[in-house]
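# Topology and contacts: notes
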Amino acid sequence: MFPGRMTLSPPGPPGGPPEELQELAFIERPIRRSLKTAEEIDQLTVDEDLNDVERAVYLLSVGQEVQRASVISNLPSLVRQNPAETFRRVVPKVREVLNGAGAEIQLAAATSFLTILQDDIILIHTHTYSILKTVLLHLNHRDTVVSSAWLETLLSAINALPKETIKQEVLNPLLYQSQLSHSLQARLAACRILGKASCKFDSLIVKKELLPLARSLSRDTESEVRVCMCRQLESMARAIGVDDTRTELLPELLELAGDEESRVRLAAFDSIISLMEMMDGDDRLHLLVPLVMSACDVSSQVDEGIMVSLSFQFGKLCSGLAGSLSEEQKRLLLQKFQVLCITGLQTEENQMDVGESTLIRCNCCYNLPAMVAFVDPAHFLCDIHPSLSGLCSDPEVSVRRSVAASFHQVVKLLESNVHVVHKELLLLLQDSALEVLDALMNHLDETLEVVLSRGDNLILDNKLPELLSALLSAEQKVGSSLRWRLHEKLLHRYSCLSRLLPGELLHQTFSARIFIILTTNKVLPVQKEAARTFCTFLRYNRKQEQRQEMMERLIQDLAQGRSYWNRLRFLDVCEIATEIFSRKYFNKHFLIPALELVHDPVANVRYKLCQLLPRLRSSLRLPADKLLLQKLDFCVQKFLCREKDKDVVAMIRKFHKRHEWDLLDQKKEKEEMLLLEMLERQQSDGKLNSDKHAERKRRDSKTSLSSAKSMSVSSSTGSSSSGKETRKAKLSRSRSLSSQPTSSKPVNSDRPLKVKDLSSSSGLGKSTRDDSVRTPHFTLTTQSTSSMPVLIRSKTTSLLDQASLLEQREHRTSTLDHRTGNRDQRNHMMEHRTSSLEEREHRTSTLDHRDHRTSTLGQRSKTMERGSGMKDSQSRKLSMNRKSNSLQSE
């Protein structure tokens, strides 16, 4: 019943408890709930009111080692937030903490300062100078790891410091550190500082001040110092220029190339080859070629390090020295390359390390394209092809992977002679290591394009079946493995075959295999890539029967398949088909089968269809696709009416809402277009009116010029009389207008007059009416009389002059009407004020009436009190009389 129950062993000796009891005692031991005591928690607690800078200063002052290291690591963020306060308060505390601190804090500080310098957080040189002082103080730390970290910070600070600061604070101490009395670590740091600082100064300062120091370090007793200085001479050579390099540095490098230590010779060899571009033809011929020939001499014993370096830079040397080499020297270089390609494969007693030999052969693979370009194409078969074939069948996977990575460049250089490497391509495609196939697949489309398009047709026809078989076997090998990313890459590269192979051949060999991957593979990225490749094959197939067959397989096996997984894949194919095929082809073959999945019993399929609806909708164009649009809308309505799955409902509502937004946007667009058309019409009409008005003005100016002479005589005779009449008319109008009372109401006012107004201003109202009637009449008569002499005497005036005169009259009458309207408005305002005063008087009268009523009520109350007093006195008298009568009767 309890299979896991612990069974106790027989009791042990009386000397101690049994082991099971000891285990139980250990289990029952009290467990410590907290890793820190209360005192430790109090020590680690910091006031929450402190800001970041204050908290950092507090933790650096009284915090523990972990807290200090955390603050120093967080120093770059503090500098970003508040650089001034950080350098004023926090950085001095960091200097105090670094004095005597451990390696952990030292490394954290070096890393933080390096981050600050590299991220360009500091904006002023004073902050960089403060960091420099800290770095120089701890540069010679006893721990080599710590000193190396501080050295990297110093080298980064040199880029941000000005020249004078570098010269005073950095270079002057180097004069003492480069001496033999100082430590090895200090001299190594001096070499690297020299190489970094030489880029900051001009050639004259480098030649006079830095180069002598570099010479002394390159002749140091320690080989490690000579190696370090030799690697810095390249940067110094670029600083002083070509001429000074030939006279000053190349002799030093050649002397170091013959050093007794192999490491020094290797460093000098690398530096000389890197400076090859700064040498002219004579220097290459007399300095570099002998050095390379001595390294390539088969009979001489060459260091392994130089062999590795030579194998890596062999292609660069051959390309750079091609114009300076004789035929014999070229032959020696080719022989040396052939020897390097089989390094470590000979069955000799004295063999170098396996790793070194493998690295040399990998470097030869890297230099294969340069060597193919170096040799004559006619000599490729005898000079390079044996080495290429050997590298393609090398026992090391890393070597075959290297040659596969550069194989496409070799194929491009061979051009029409590409058929000579057909066997090597088959070897790489049939390689058992997937790493080799992965390297080959990176540029397989470029390789196949050259192989299938530039080769000889007869030879290609004989070798094409082998190539296709190798491609299929490579796909099957990758597909049976777990490297699905490699499988996806391979299918993507195979899509280029649709442009390189005939459609019938492609349909017979690859289409069926790609369709099997599409329907059987369970990795989604591989399935999508297979769908893309299949659609590409379908598009470039020129035979209608084969295209129809491929479409039928898609619909029967995927769209109408029994597995919902296949139906989902069909929707993926539809999504990819919208990118590959034209809109017309997609709507004809893919749209309706996709919409029929609205009745699918699986919710995931319907959900995928809802996701695809926007793309399907965008492929339709009206009015050509009106029927398809109706079917799509019918599909949407079915979803909205019958769907029960909440996720599908949410997705279809989202699409429907987006569709409504699109319709609304289309409506707004149509309205905007109509508004633009109306504005354009109005602008065109206004332009026509302006043109007509301008034409009318031009005509008026012409007629006025013609009538000016005839009007001059008549205007001179009638100007005096018309002027007097106009002045009289104006005077009479002003009198008539001034005679109107300001408090009277205009006749045409809508507001009726009160009784008081009518009674008080009855006579004034009559006069106002009479004046208002007379005044316009008088003005019209005066205008007519003033203009009569002109009309009678100027018989040569035209109809346009009469029209202009009538317009002037209308303008005058409009000004008079405007003036009368202003006066009426003023009268209305005055009347409104009088009415408001009358209302105030009415209110005061009502208040007086209320006071009168209150006074009368008070009088009535007083009379009533008096009557009640008289009644009381009478009742008292009666009572007294009654009492007296009663007494008398007794």
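Residues numbered from 1 in each chain as written. Predicted model: local features only at pLDDT ≥ 70, side-chain atom pairs only at ≥ 80, totals over all residues. Heavy atoms only, no water.

### Quick look at a nonpolar patch on the surface
Rules: Note that patches include only residues with greater than 30% relative accessible area and no salt bridge, and the join distances are 9 Å for like charges and 5 Å for nonpolar side chains (Val, Leu, Ile, Met, Phe, Trp, Tyr). A 1.4 Å probe and the Shrake-Rupley method give the accessible areas. Residues count as covered only by the protein chains that appear here. A carboxyl oxygen of Asp or Glu within 4 Å of a side-chain nitrogen of Lys or Arg is what we treat as a salt bridge. Helix and strand labels come from DSSP, where a helix needs a run of H or I of at least four residues and a strand needs a run of E of at least two; each type is numbered from the N terminus. Buried residues are those whose accessible area, probed at 1.4 Å on protein chains only, stays under 20% of the maximum for their type, while exposed residues exceed 50% and partly exposed ones sit between those limits.
A surface patch of nonpolar side chains, about 280 Å² in accessible area, is lined by M673, L676 and L679. Considering the arrangement of structural elements, one finds L679 in helix 40 (residues 646–738). Residue classification places L679 among the partly exposed positions, given a relative accessible area of 44%.

### Let's talk about the packing of helix 19 (residues 327–341) against helix 20 (residues 354–366)
To keep things clear, this is the line we draw: Angles here are taken between N-to-C directions and fall from 0 to 180 degrees, while the axes themselves are lines fitted to C-alpha atoms, restricted in helices to the stretch in contact. In these notes the angle categories are as follows: under 35 degrees is roughly parallel, over 145 is roughly antiparallel, 65 to 115 is roughly perpendicular, and the rest is oblique. Two residues form a contact once any of their heavy atoms are found within 4.5 Å. Residues are sorted three ways: Asp, Glu, Lys and Arg are charged, Ala, Val, Leu, Ile, Met, Phe, Trp, Tyr, Cys and Pro are nonpolar, and all the rest, Gly among them, are polar.
Following both chains from N to C, one finds helix 19 and helix 20 inclined at 130°, their axes separated by 8 Å at the closest point. By the angle between their axes, helix 19 is oblique relative to helix 20. On the side of helix 19, the interface is formed by F337, L340 and C341, while helix 20 contributes I360, R361 and C364. When its residues are assigned to classes, the contact of helix 19 with helix 20 shows 5 nonpolar, no polar and 1 charged.

### Focus: the packing of aromatic side chains
Applicable threshold: Any two rings among Phe, Tyr and Trp, with Trp reduced to its six-membered ring, count as a pair given centres within 6.5 Å; such a pair is stacked if its planes are under 30 degrees apart, edge-to-face if over 60, and tilted if neither.
Enumeration according to the criterion identifies 10 aromatic pairs in this entry. Plain terms: the ring middles of F113 and W150 are 6.2 Å apart, the flat faces sit at 40° to each other, and that makes the pair tilted. With a gap of 37 residues between them, F113 in helix 7 (residues 103–118) and W150 in helix 9 (residues 144–160) connect regions that are remote in the sequence. Neither F113 nor W150 differs from the other in exposure class; each is buried.

### Side note on the pattern of salt bridges
By the definition in use, this model includes 32 salt bridges. The residue R532 makes a salt bridge to E579 at a minimum N-O spacing of 3.3 Å. Here R532 is found in helix 33 (residues 524–540), whereas its partner E579 is found in helix 35 (residues 564–580), with 47 residues between them in sequence. Notably, a salt bridge pairs R583 with D625, separated by 3.0 Å at the nearest N-O pair. Taken together, the residues R583 in helix 36 (residues 583–589) and D625 in the loop between helix 38 (603–618) and helix 39 (626–642) connect sequence positions 42 residues apart. The class of R583 is partly exposed, set by a relative accessible area of 37%.

### Points about helix 12 (residues 203–218)
An α-helical segment advances 3.6 residues per turn. Residues three or four places apart therefore align on the same side. The line we're drawing: Multiplying 1.5 Å by the residue count of a helix minus one yields the expected span of that helix.
In a regular helix each residue adds 1.5 Å, so 16 residues correspond to 22 Å; helix 12 covers only 19 Å between its end C-alpha atoms and thus falls short of that length. Of all the positions in helix 12, only V206, L210, L211, L213, A214, L217 and S218 are classed as buried.

### What about the packing of helix 24 (residues 397–405) against helix 27 (residues 434–441)?
Where we set the bar: In a left-handed crossing the near helix is turned counterclockwise from the far helix by less than a right angle, and in a right-handed crossing that turn is clockwise.
Two elements in contact, helix 24 and helix 27, have axes separated by 8 Å at closest approach and are oriented at 15°. By the angle between their axes, helix 24 is roughly parallel relative to helix 27. You can see that helix 24 and helix 27 cross each other, and the crossing is right-handed. On helix 27, the residues that touch V397, R400, R401, A404 and A405 of helix 24 are E435, V436, A439 and L440. Each residue belonging to the contact of helix 24 with helix 27 can be placed in one class, and the counts come to 6 nonpolar, no polar and 3 charged.

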